[in-house]
Amino acid sequence: MGRFSTKDGTSIYYKDWGAGPVVTFSHGWPLNADAWDSQMLFLAQNGFRVIAHDRRGHGRSSQPSTGNDMNGYADDLAQLIETLDLRDITMIGHSTGGGEVVRYLGRHGAERVARAVLIGAVPPIMVKTPANPEGLAPDVFDGLRSSLLTDRSQFYRDFAQPFYGANRPGSDISQAVLDQFWLSSMQAGLLNAHDCIKAFSETDFTEDLAQIELPVLLIHGEDDQIVPVDDSARKAVRLLRDGRAIFYPDAPHGLTSTHRDQVNADLLAFLRT
């Protein structure tokens with residue numbers, strides 16, 4: 001476990017397990033690095049060095065009032081990579097973390113990166129715009145912000161349901177997983193969680209995706225109620241020069257938990273190519 005200070009003085013927490021080829025993990029909103037524990041343990045046991053950080057404003061990192069946007073997140077990730085002098089990396093990002101990975105590659109280049117994985121990721125852009133008429137209406141994200149400010153604790157309990165597909169008939173997701181989501185979410189600063197909604201919903205990653213030349217694997221649930229697959233992975237894979245996609249039928253947004261073994265197997269296969 002470790003910490004480093006960014007150029008603006010933000011303290012970033014990270015965990016660093018195992019030895020071997022390096023894999024970095026960027027988590028989704030409003031969680032922290034613990035969301036990756038199942039994947040990190042599995043890959044560490046299979047000969048990889050795995051590193052995950054808490055995004056600024058989330059988890060055990062400090063809660064600055066600035067830098068809560070995709071450029072800021074990408075710059076923090078770049079500083080982590082440079083501080084640890086990581087090379088030949090596989091970068092993995094879920095949801096907002098997928099946007100963080102894509103913006104890193106677009107902003108900082110791929111000199112230190114070998115490949116990337118985007119899981120339930122937000123690129124190319126979530127919100128509806130003239131250029132993205134299939135996107136989600138802006139009032140969807142206004143509603144998230146309003147609910148967050150009204151009663152964030154209840155909001156996170158409610159949000160966990162569609163996140164893991166617990167609102168679908170036949171769901172067997174445990175209450176403990178839903179409780180863990182709530183606990184991790186409550187560790188995020190209110191200001192930071194609020195500002196991150198704009199970052200993950202309004203950032204346009206189209207140009208970033210078009211610049212990426214390295215192999216990228218996209219994994220996405222076809223029943224993702226948070227980041228709909230048709231307006232994200234199915235579009236993103238067409239913008240990549242070397243993109244490949246795996247779609248999980250009936251899988252929700254939180255598929256790293258609900259489909260843990262399948263995700264782990266697909267990650268290991270990609271890492272060994």
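These numbers were taken from a predicted model, which means no experiment stands behind them.

(A) Examining the sheet that holds strand β7 (residues 216-221) more closely. Strand order in the open sheet formed by eight strands is β1-β2-β4-β3-β5-β6-β7-β8, with mixed pairing between adjacent strands. Only two strands of the sheet have a single neighbouring strand rather than two, namely β1 (2-5) and β8 (243-248). Taken over all neighbouring pairs, the strand axes of this sheet differ in orientation by 20° on average, direction set aside. Here four bridges tie strand β3 (residues 22-26) to strand β4 (residues 49-53), and the two strands are oriented parallel to one another. Residue Phe 25 lies in a different strand from β4, and its bridge partner there is Ala 52. Across the sheet, helix α10 (residues 260-271) is in contact with β3, β5 (89-94), β6 (113-119), β7 and β8; its angle to β6 comes to roughly 160°.

(B) Region of interest: the environment of Tyr 104. Examined against the element boundaries, Tyr 104 turns out to sit in helix α3 (residues 96-108). Taking C-alpha positions, Tyr 104 is 17 Å from Arg 241, a pair spaced 137 residues apart along the chain. If near-sequence neighbours (up to four positions away) are discounted, Tyr 104 is found in contact with Ala 74, Leu 77, Ala 78, Ile 81, Met 91, Gly 109, Arg 112 and Val 113.

(C) Layout of the packing of aromatic side chains. This structure, assessed with the given rule, holds 14 aromatic pairs. For the ring pair Phe 25 and Trp 36, a centre distance of 4.9 Å and an interplane angle of 50° mean the geometry is tilted. With Phe 25 in strand β3 and Trp 36 in the loop between β3 and α1 (37-45), the pair connects residues that are 11 residues apart, well separated along the chain. Exposure class is identical for Phe 25 and Trp 36. Each is buried. Ring centres of Phe 159 and Phe 181 lie 6.2 Å apart, and the angle between their planes is 35°; this geometry places the pair in the tilted category. One end of the pair, Phe 159, is in helix α4 (residues 138-164); the other, Phe 181, is in helix α5 (residues 175-186), with 22 residues separating them in the sequence. With respect to class, Phe 159 is no different from Phe 181; both count as buried. Ring pairs connect the aromatic residues Trp 29, Phe 141, Phe 155, Tyr 156, Phe 159, Phe 163, Tyr 164, Phe 181 and Phe 200, which therefore count as one cluster.

(D) Quick look at empty space enclosed by the protein. Enumeration over the complete set of coordinates arrives at two cavities of 30 Å³ or more. In this structure, the largest cavity spans a volume of roughly 50 Å³. Val 122, Ile 125, Met 126, Gly 135, Leu 136, Val 227, Pro 228, Asp 231 and Ser 232 together form the lining of the largest cavity. Looking at the lining of the largest cavity, its residues break down into six nonpolar, two polar and one charged.

Conventions we followed
- Residues numbered from 1 in each chain as written.
- Predicted model: local features only at pLDDT ≥ 70, side-chain atom pairs only at ≥ 80, totals over all residues.
- Heavy atoms only, no water.
- Pairing = 2+ DSSP bridges.
- Helix = DSSP H or I, 4+ residues; strand = E, 2+ residues; numbered from the N terminus.
- Axes fitted to C-alpha atoms, helices over the stretch in contact; angles between N-to-C directions.
- Contact = heavy atoms within 4.5 Å.
- Phe/Tyr/Trp six-rings, centres within 6.5 Å; stacked < 30°, edge-to-face > 60°.
- Buried < 20%, exposed > 50% of the residue type's maximum accessible area, 1.4 Å probe, protein only.
- 1 Å grid on protein atoms, 1.4 Å probe; cavity = no way out; pocket = protein on both sides within 12 Å on 5 of 7 lines; lining within 4 Å.
- Points joined across faces, edges and corners; volume = space filled by probe spheres on them.
- Nonpolar A, V, L, I, M, F, W, Y, C, P; charged D, E, K, R; others polar.

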